[in-house]
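# An overview of the molecular structure
The chain contents come next:
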Amino acid sequence: MASVLEKTIRGAVTAGVTGLAGLNRKRLSGDNAFMTGIHTPMDGEKSLTDLQVTGTIPAELDGRYVRIGPNPQYAEAKGHHWFTGDGMVHGIKLKDGRAEWYRNRYIRSNTLEAASGMAAAPGPRRGMGDTVNTNVIQVAGKTLALVEAGSYPAELSDELETTTYSDFGGGLAGSFTAHPHEDPATGEFHAICYDAGNPSQITHVALDRAGRVLRELPIAVQNGPSIHDCALTKNYVVIFDLPVTFSMKALIGGHKFPYRWNREHRARVGLLRRDGDASDLTWHDVEPAYVFHVSNSYEDDEGRLVIDACAYDTMFDGDVGGPVGRSLGLERWTIDPAGGPVERSTIDAQPQEFLRPDERFFARPYRYAWAMGLPNEESAEFLGEAPLIRHDLLTGDKVTRDFGVHAVLGEFVFVPRSANAPEGDGWVMGYVIDRANGTTDLAILDAATLADVARVHVPHVIPPGFHGNWLPSV
């Protein structure tokens, strides 16, 4: 999710606007659902080695489950938004059927140093806010924490300490994204990146399997759209230019996340050939909606693009501290590259988010996807009692798993049983908060049945975050 702090915007607005925003922020309410309850920030960093386990951790799991999110321990409640908190990673290392440790560590930004006194990590910066809080991936054996709209990635050690900020060896000039997608056929990563300081341009960034920047292609846009995710097929990168855009009104009003629903912005989806330039880009109108995340995308036998994503009727339509919009569930968007609008159909109307496939089948036809349910009624915390869902997109069947009235799920990721296992054969894992006991489990489930395989018990609440991954030992 976008981390757009006031520092990021200062290069694009006058000092007078910044000053006015500060004055107006003082008038805002200090009640913020994303700094209390399950979102209460942790007080510092922990290292735990005496972790209790229920069940049996599969011996095949050798690596770390790492997830990142905001930890606004030093933030002011007025004007705060869930997406803007200082980044903190939470990880559990599994090896030989054991849970060796849990660690949580701040991303050591200059922004954090100014607020807390904790020394910032070295490495290049873009002269903007350097908070990183949205995703953690591996590229060429390196663990990278990511954000969109401003900062370079932060490189982490195996123990989750921030070692440096990275511009991929000097190859990246502009901003990056929280969601680069890897093509398992080529090892390349593709991303659509936007920059809070340059609302008239986005870029297509491609990396090779070694983490070298292959290209950084500028693409003209209007209004500064917030583009959280993209999609990828054999021949195309898919751009979601949807009606959430930069809002000067929100900025002047003192809100630290100045993006809002824009009814005047044309909703469209762009198809860019992976080896083409901006002149090859075609735009396809779509009924107004917003998409944070795709499950998968591919080209069917007729050459049409098929994109499965969770959609909302609106998003950020008002001044609130987090994502607010009615979930439309899981949809399939189909696009003919030859022209015409996007065709939308509903796969499952149940509210849901954080879709994940078996990543070995990304950008090609696939069968299974896993999603975190959302409450049927909109929640001030965004999250709440809701099931985990497994979709069989071939048969239309779905398996659901309820964790109880006091449980709050995070994103679950799929881990294959082996490199050559059939699609969907393996486990899914993610954090589950127990509100009643003030604890969190790393739940390892059978990917097909969603039954418990093992639980690693953490004796405190890990605040809800955004994205993470299973990072196998290398």
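Residues numbered from 1 in each chain as written. Predicted model: local features only at pLDDT ≥ 70, side-chain atom pairs only at ≥ 80, totals over all residues. Heavy atoms only, no water.

All right, on to the layout of surface pockets then. If you add up the space inside the largest pocket, you get close to 1,100 Å³. Lining the largest pocket are 43 residues, with Glu 182, Arg 356, Glu 359, Asn 469 and Trp 470 sitting closest to its centre. Mapped onto the lining of the largest pocket, the elements with two or more residues apiece are strand 6 (135-139), strand 10 (181-182), strand 20 (290-299), strand 24 (352-357), strand 29 (413-416) and strand 33 (468-472). Class assignment of the residues belonging to the lining of the largest pocket gives a composition of 21 nonpolar, eleven polar and eleven charged. (1 Å grid on protein atoms, 1.4 Å probe; cavity = no way out; pocket = protein on both sides within 12 Å on 5 of 7 lines; lining within 4 Å. Points joined across faces, edges and corners; volume = space filled by probe spheres on them. Helix = DSSP H or I, 4+ residues; strand = E, 2+ residues; numbered from the N terminus. Nonpolar A, V, L, I, M, F, W, Y, C, P; charged D, E, K, R; others polar.)

On to the pattern of salt bridges, then. Enumeration according to the criterion identifies 30 salt bridges in this entry. Between Arg 125 and Asp 130 there is a salt bridge, with the nearest N and O atoms lying 2.7 Å from each other. Classification of Arg 125 as partly exposed rests on a relative accessible area of 22%. According to the relative accessible area criterion, Asp 130 is buried, its value standing at 2%. Linking Arg 344 and Glu 331 is a salt bridge whose minimum nitrogen-to-oxygen distance equals 2.9 Å. Here Arg 344, found in strand 23 (residues 343-348), pairs with Glu 331, found in strand 22 (residues 327-335); they are 13 residues apart in sequence, far enough to count as distant. Taking relative accessible area as the criterion, Arg 344 reaches 28% and is therefore assigned partly exposed. Look at the salt bridges and you will find they share partners, linking Arg 401, Asp 441, Asp 452 and Arg 455 into a network. (Salt bridge = Lys/Arg side-chain N within 4 Å of Asp/Glu carboxyl O. Buried < 20%, exposed > 50% of the residue type's maximum accessible area, 1.4 Å probe, protein only.)

Our focus in this paragraph is the environment of Glu 155. Here Glu 155 lies in strand 8 (residues 154-156). Each C-alpha atom of the pair Glu 155 and Ala 145 lies 6.3 Å from the other, and the pair is ten residues apart in sequence. Beyond its immediate stretch of four places on either side in the chain, Glu 155 contacts Lys 142, Thr 143, Leu 144, Glu 161, Thr 162, Thr 163 and Thr 164. (Contact = heavy atoms within 4.5 Å.)

Further remarks concern the nonpolar core. Counting residues in each nonpolar core, the largest one holds 72 residues, and the members touching the most others are Phe 240, Trp 333 and Val 428. Those residues in contact with Phe 240 that lie beyond four places of it in its chain are Ile 227, Asp 229, Cys 230, Ala 231, Arg 268, Val 269, Val 294, Ile 307 and Trp 333. (Core = buried A, V, L, I, M, F, W, Y, C linked by side-chain atoms within 4.5 Å.)

Within the secondary structure layout, His 39 lies in the loop between helix 2 (15-25) and strand 1 (46-48). Residue classification places His 39 among the buried positions, given a relative accessible area of 3%. In sequence terms His 39 and Ala 436 are 397 residues apart; their C-alpha atoms lie 15 Å from each other. If sequence neighbours within four positions are ignored, His 39 has contacts with Ala 33, Phe 34, Trp 82, Glu 381 and Pro 464. A distance of 3.1 Å separates a polar side-chain atom of His 39 from the backbone oxygen of Glu 381. (Polar contact = N/O pair within 3.5 Å; in protein donor to acceptor, adjacent residues only side chain to side chain.)

Pairing is antiparallel across the open sheet formed by four strands, whose spatial order is 24-25-26-27. Both edges of this open sheet fall to strand 24 and strand 27 (398-401), since each of them pairs with a single strand only. Each strand of the sheet is rotated relative to its neighbour by a mean of 20°, with strand direction disregarded. As paired elements, strand 25 (residues 368-373) and strand 26 (residues 388-392) share five bridges and run antiparallel to each other. Along strand 26, the bridge assignment pairs Ala 371 with Ile 389. (Pairing = 2+ DSSP bridges. Axes fitted to C-alpha atoms, helices over the stretch in contact; angles between N-to-C directions.)

It is worth spelling out the pairing of strand 30 (residues 426-434) at this point. If a strand is regular, its side chains alternate between the two faces of the sheet. Burial analysis of strand 30 places eight of its nine residues in the buried class, the great majority of the element. Bridging between strand 28 (residues 407-409) and strand 30 involves three bridges; their strand directions are antiparallel. Note on strand 30: the bridge partner recorded for Leu 409 is Val 432. In the sheet, strand 30 pairs with strand 31 (residues 439-446) via eight bridges, with the strands oriented antiparallel. Each bridged residue has a counterpart across the sheet, and for Met 429 the counterpart in strand 31 is Ile 444. Between strand 30 and the antiparallel strand that follows it, strand 31, lie four residues; Gly 438 among them carries a positive phi value of about 65°.

A few words now on the sheet that holds strand 1. The strand order across the open sheet formed by five strands is 1-5-4-3-33, and the pairing between neighbours is antiparallel. Whereas interior strands pair on both sides, the edge strands pair on one side only; in this sheet they are strand 1 and strand 33. Taken pair by pair, the neighbouring strands of this sheet meet at an average axis angle of 15°, ignoring direction. Relative to strand 5 (residues 98-106), strand 4 (residues 87-95) runs antiparallel, the two sharing eight bridges. Bridge assignment links Val 89 to a residue of strand 5, and that residue is Arg 105.

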